[in-house]
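Structural overview for review
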Amino acid sequence: MADAPLTPMMQQYRELKARDPDAILLFRMGDFYEMFGDDAVRASAVLGIAVTTRDRDKGDQAVPMAGFPHPALESYLAKIVQAGLRAAVCEQIEDPKLVKGLVKRDVVRVVTPGTLTEESLLDPRSANYLAAVVEVGTRTGLAWVELSTGRFSLASLLRTELADEIARLSPAETLVSELSVDAPWLRSLRAQPGFAVTIRPSWDFQPEQARKALFDQFGVTTLEGFGIDDRALEIQAAGALVAYLRETQKASLGHITRLTPYRRADVLTLDETTRRSLELVRTLREGKREGSLLQVVDRTVTPMGARLLAEYVTSPLTSIDLIEERLGAVAELVNDATLRGELRETLGEAYDLERLAARVATGRANPRDLSALGRTLALLPRIKARLTARRSHRLSRLEAAVELCPEVRSSIEAALVDDPPLTIKEGGLIRPGYHPELDRLRSASTEGKSWIARYQADQIRRTGIAGLKVGFNNVFGYYIEISHAQAQRGEVPADYIRKQTVKNAERYYTPELKEFENEVRNADERANALEYELFTTLRDRVSADAPRLIQAGSVLAQIDVLAALAELAARQGYCRPEVVSDPVFEVEAGRHPVLDALLPHGDFVPNDTKLSPDDGGLLLITGPNMAGKSTYIRQVALIAIMAQMGSFVPARRARIGVVDRLFARVGATDELSRGQSTFMVEMTETANILNNATSQSLVILDEIGRGTSTFDGVSLAWAITEHLHDVVGCRTLFATHYHELVELEKTKARIRNANVAVSESQGEIVFLHRIAPGGADQSYGIHVARLAGVPSPVLDRAREILAFLEKQHGPDPGLSEGPIRRKVKSARALQGSLFAALPEPLIVELRQADLGALSPEQALDLLQRLRDLAG
Ligand code: ADP
């Protein structure tokens, strides 16, 4: 069927749509944004708005259509982006009143998950990164930018490191070349929750093209100044990012002025599983911020501080000097409660300077944004004054770094009224006295209003009609209103011209009134246009200072975080850790930061930890379920992370050797997601530890090996422990059900056993949550089952079976799961012990079998007999 000729507007629509077919095109028509065709159908599902059809009478050719009024743009953009879609915002770029026929339209911006700047679309407490990845051979180049603050970083990584870094950043959107669509690395990244990919032309990633994009962005002819000139892969990724920003933003990116190379070695490596297992920024089961380490330690009072703290938590440091520098500042703020209180109070009044500055730079700031920016700048002198003459190096440096930006502040204060509106085209934002012409237009408009009062009085006098009124409405302009009754009495002067009849009155105008109207309306319109112009000029002027403002925002963020860590330390009774290079971990009365904060004060039972190369670097913790094993080993990991963030730690005393990589693994039973065989997942992750941990690492294992049969599980746990002890030599805490492992202490120099103390009286057990030396020697599984509400007949039966088994195999202190269990006497005895646990005749039969002489059929027969014997 031949297409009917398109209207000029639909033709315009088609052209704009063709430029970016994947994005939902929001086509501005008067006061509405309209979507057509597939866009309308897709959007109606996401936005919950109705689809109608345009040109309904054309039957088959009717085009689906959906739309919303223009003030609702932000809220609809939020929904589109949350659904993982992109939206191209198309505006009328000419004033429809001034053109005949079709208005010009153009896409002014493409909104994507990774390029948001609107306050309402962003979580103030978390960074929103756009990333790009390039891969060549075994190396990858990664670049990431936060458009809403202008921070731009890049890193060169091994391919195996990519997933961890992506997990650390958790970008809202990641760009990859069309050539990588089927690459295996991309497939594995797609498995990460929340990972959203945007495919881009390979051209953008070409080395020369990418370099050129960076030259243009930074106004340079070499990248040497950034120290990245030789980093080919990162440059490719960074260039592709810039090209994408240019294409989607169509606005100035003047606030992106620096590229910061990221070095992995400077940061404590935490892989994705570790982050999740330790619930650093969200909880494992519910994925919520509540209950995470971040939430518990977050005492920041500004949004930029909250974002920086999240970065501290996910990227702890490895340099003792840098850690000490932070600790020094925190210590000073812990000791000086007045200074801390004053800083926090002042900071509490600050707005999100980083994001405000970025909105100014991209030309999206509204009057209220600028006003908030001015108010925040007004706080800087106070903050700077408080930070003078500080002892710690870090605080003195921050004091020096507070740039007051007085010109920016005074130009905002001079120009804007105290409480400006959100809109920029409707006037009311510029202060009286700021601009003579504006003042003149405004007084013309106010004078006009008193002219009306006078005119009305004159007309009443002239006509003798007391009820005569001069009014105004948007459609008809100024009018004289006289009630029907009076109008009919024939008292209306001849020069009144009838304009409109309403319910009870007649409306008229006079040539005089018309002339006046032109003047006043003109003055209003011109005043508004002038205010708009003055505002954009002001915004441009401030925009030139965006990099300094962002810098000021980052200084405030740092002060906020240090003061927040100090507040936390003071309130929760934390101590300053001693951070050293030896691979030790010595903590007195350590507490789990999250549980400690959640439990009523004093309910958490503190525990000591001592790991050192000579005195046991590998701790095996046994004990019944619910005793507190997981809590204890996580506490150790979290204390290490906090210390390396530069935070005080929940302990009486702590001496911590810097950790280069931290691994935490939770046994399969705690992690049942992700489709793969849970045991497979567990083993892949364990392999990852065994291959990547160094003697400087810290490894936390919780119930590893449980995803398989008992014998397999014990054997694997055993072998893994040996490997960590003999080959890797890292600090390790292993919480396990396998009491067999306690035997390892006898043969391995650095292994120590510990258990979680439990007291028992009259069949009741009490968990003391106290870590004691030595292996656990009782199983409390049935007691725990009772506490959990397992019905008593089941418990009785379990006791019967337990008694029976103990009678059969002798009392087995280590018994905790599975019907067949023996205490293992030594490492070498493990294999034998498995058979020793089997019924006697079976062994006899097996021993007698001459395996070399058996035919396949005979072997099957033997197997069959053995099985029968086993019952
Ligand atoms: P396990 O790993 O041995 O099964 P968990 O570490 O999960 O045990 O601890 C079980 C519960 O005991 C936790 O939810 C917590 O409420 C409590 N608990 C653990 N350790 C402590 C402690 N040191 N002080 C107070 N309560 C604790």
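This text follows the structure it describes.
A brief structural summary. (Residues numbered from 1 in each chain as written. Predicted model: local features only at pLDDT ≥ 70, side-chain atom pairs only at ≥ 80, totals over all residues. Heavy atoms only, no water.)

1. Overview of the nonpolar core
- The biggest cluster of nonpolar side chains holds 112 residues, and the ones touching the most others in it are Leu373, Leu662 and Leu733.
- Ranked by the residues each element gives to this core, the list is headed by helix α21 (residues 546-572), at 14 residues.
- Those residues in contact with Leu373, other than ones at most four positions away along the chain, are Leu353, Leu356, Ala357, Val360, Val408, Ile412, Val542 and Leu549.
- One finds Val134, Leu175, Phe218 and Leu245 within the second-largest nonpolar core, a separate group that totals 28 residues. (Core = buried A, V, L, I, M, F, W, Y, C linked by side-chain atoms within 4.5 Å. Buried < 20%, exposed > 50% of the residue type's maximum accessible area, 1.4 Å probe, protein only. Helix = DSSP H or I, 4+ residues; strand = E, 2+ residues; numbered from the N terminus. Contact = heavy atoms within 4.5 Å.)

2. Considerations on helix α13 (residues 353-361)
- Extensive coverage of α13 is indicated by the burial of nine of its nine residues.
- Turning to α13, its buried residues number three or more, namely Leu353, Glu354, Arg355, Leu356, Ala357, Ala358, Arg359, Val360 and Ala361.
- Positive phi appears at Gly363, one or two residues downstream of α13, with a value of about 70°.

3. Some thoughts on the packing of helix α16 (residues 393-401) against α21
- Where α16 contacts α21, the two axes come as close as 10 Å, and the packing angle between them is 150°. On the basis of their axis angle, the class for α16 and α21 is roughly antiparallel. You can see that α16 and α21 cross each other, and the crossing is left-handed. Mapping the contact onto sequence places Arg394, Leu395, Leu398 and Ala401 in α16 and Gln551, Val555, Gln558, Ile559 and Leu562 in α21.
- Residues of the contact of α16 with α21, tallied by class, amount to six nonpolar, two polar and one charged. (Axes fitted to C-alpha atoms, helices over the stretch in contact; angles between N-to-C directions. Parallel < 35°, antiparallel > 145°, perpendicular 65-115°, else oblique. Left-handed = near helix turned anticlockwise from the far one by under 90°. Nonpolar A, V, L, I, M, F, W, Y, C, P; charged D, E, K, R; others polar.)

4. Some details on the site of the ligand
- Residues in contact with the ligand amount to 14 residues; listed here are only the nearest, Val605, Met626, Lys629, Ser630 and Thr631.
- Between the ligand and Thr631 there is a distance of 2.5 Å, counted from an oxygen atom to a side-chain nitrogen or oxygen.
- Within the side chain of His769, an N or O atom sits 3.4 Å from a nitrogen atom of the ligand.
- When isolated, the ligand has an accessible area of 560 Å², and the protein chains bury 77% of it. (Near = heavy atom within 4 Å. Polar contact = N/O pair within 3.5 Å; in protein donor to acceptor, adjacent residues only side chain to side chain. Areas by Shrake-Rupley, 256 points an atom, 1.4 Å probe, with all protein chains shown as cover.)

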